[in-house]
Amino acid sequence: MEINIIRSPKRRRTVSARLLGQTLYIQAPIHIANDELNRIAASFQRRFERKDRRTKPDNRTLIGRAKRLTLGYFKGELPDYLIAYTENQRCRFGSCNSRLKNIWISARLAATPPAVLDYVIIHELAHLLVPSHSQKFWALVYRFKKTDWARGYLAAFARAQVA
């Protein structure tokens, strides 16, 4: 993380910080001592790094979860696949390219209840076998007992995101 310190004669007492991309911008009064400002900047940096770790979902956890669900619900029927979180899905919860065997899960779902995330993973894994939303597809998905509950949760979640 790059740190950019901006000293201002208009700023009297407070020091503030904001993160834009990978740059931490710190605004400080012009009269503050360098030692004190460096200490404050380090504190801001630690705070933003902790926050970044908390909010960024972990692909390793997602891969482990998908492996467990693959064994439990598909019993080795699935081809090898890649699964990862993505930050750029705002309208979808997940997507599957059945030809390339890639599954993308919206990072927004990392904070949902585990059963909801499991449902979306199972939904996308089922697309590896059945690309359409046919009866055969839904028979695979409904092996997961909490499918109806998770679908209801996601419908409410989607409405809350729009509001």
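Look above for the structure.
This structure is a prediction, so every number in the text was calculated from the model and none was measured.

Student: Which parts of the structure should I look at to understand a nonpolar patch on the surface?
Tutor: Among the surface-exposed residues, Met1, Ile3 and Ile5 lie close enough to one another that they form a single nonpolar patch of about 210 Å² accessible area. Counting through the fold element by element, isoleucine 5 comes out in strand β1 (residues 2-8). Residue isoleucine 5 is classed as partly exposed on the basis of its relative accessible area, which comes to 34%.

Student: Could you clarify how one ought to interpret the pattern of salt bridges in this entry?
Tutor: Oppositely charged side chains can form a pair if their charged atoms are brought close together. For the structure on display, the rule yields 5 salt bridges. For glutamate 36, the salt bridge goes to arginine 39, with nearest N and O atoms at 4.0 Å. Placement of both glutamate 36 and arginine 39 in helix α1 (residues 34-55) is noted, with a separation of 3 residues, approximately one turn of the helix. Overall, glutamate 36 belongs to the partly exposed group, its relative accessible area being 37%. Judged by relative accessible area, arginine 39 falls into the exposed class, the value being 54%. Ionic pairing is found between arginine 65 and aspartate 118, a salt bridge with its closest N-O pair at 2.4 Å. Of this pair, arginine 65 sits in helix α2 (residues 59-74) while aspartate 118 sits in helix α3 (residues 114-129); the two residues are 53 residues apart in sequence, bridging distant segments of the chain.

Student: Looking at this model, I keep getting lost on the sheet that holds β1. Mind explaining?
Tutor: One open sheet holds the 3 strands; their spatial order is β1-β3-β2, and the pairing between them is mixed. The open sheet has two free edges, formed respectively by β1 and β2 (16-20), since each of these has just one partner strand. Across this sheet, the average inter-strand angle for adjacent strands is 20°, counted without regard to direction. Of the strand pairs in this sheet, β2 and strand β3 (residues 23-29) are connected by 5 bridges, and their pairing is antiparallel. Bridge assignment links leucine 19 to a residue of β3, and that residue is leucine 24.

Student: How should the packing of α2 against α3 be read in this particular structure?
Tutor: When two helices pack together, you describe them by how their axes are tilted relative to each other and by the distance separating the axes. Where α2 contacts α3, the two axes come as close as 10 Å, and the packing angle between them is 65°. If you check the angle between α2 and α3, you find them roughly perpendicular. Crossing angle aside, the handedness with which α2 passes α3 is right-handed. Contacts from Leu62, Arg65, Ala66, Arg68, Leu69, Thr70, Tyr73 and Phe74 in α2 reach Pro114, Leu117, Asp118, Ile121, Ile122, Leu125, Ala126 and Leu129 in α3. Of the residues that constitute the contact of α2 with α3, the class distribution is 12 nonpolar, 1 polar and 3 charged.

Student: It is not clear to me how unusual backbone geometry should be interpreted in this structure. Could you clarify?
Tutor: Leaving glycine out, the prevailing phi sign among residues is negative, and the prevailing peptide bond configuration is trans. Phi is positive for lysine 101, which is not a glycine, with a value near 65°. Tracing the backbone through its elements, the reader meets lysine 101 in the loop between β5 (94-97) and β6 (102-106). Among the residues examined, lysine 101 registers a relative accessible area of 25% and is labelled partly exposed.

Procedures and definitions
Residues numbered from 1 in each chain as written. Predicted model: local features only at pLDDT ≥ 70, side-chain atom pairs only at ≥ 80, totals over all residues. Heavy atoms only, no water. Patch = residues over 30% accessible without salt bridge, like charges linked within 9 Å, V, L, I, M, F, W, Y side chains within 5 Å. Areas by Shrake-Rupley, 256 points an atom, 1.4 Å probe, with all protein chains shown as cover. Salt bridge = Lys/Arg side-chain N within 4 Å of Asp/Glu carboxyl O. Helix = DSSP H or I, 4+ residues; strand = E, 2+ residues; numbered from the N terminus. Buried < 20%, exposed > 50% of the residue type's maximum accessible area, 1.4 Å probe, protein only. Pairing = 2+ DSSP bridges. Axes fitted to C-alpha atoms, helices over the stretch in contact; angles between N-to-C directions. Parallel < 35°, antiparallel > 145°, perpendicular 65-115°, else oblique. Left-handed = near helix turned anticlockwise from the far one by under 90°. Contact = heavy atoms within 4.5 Å. Nonpolar A, V, L, I, M, F, W, Y, C, P; charged D, E, K, R; others polar.

Honestly, that's just the spatial picture; any functional story needs more than this.
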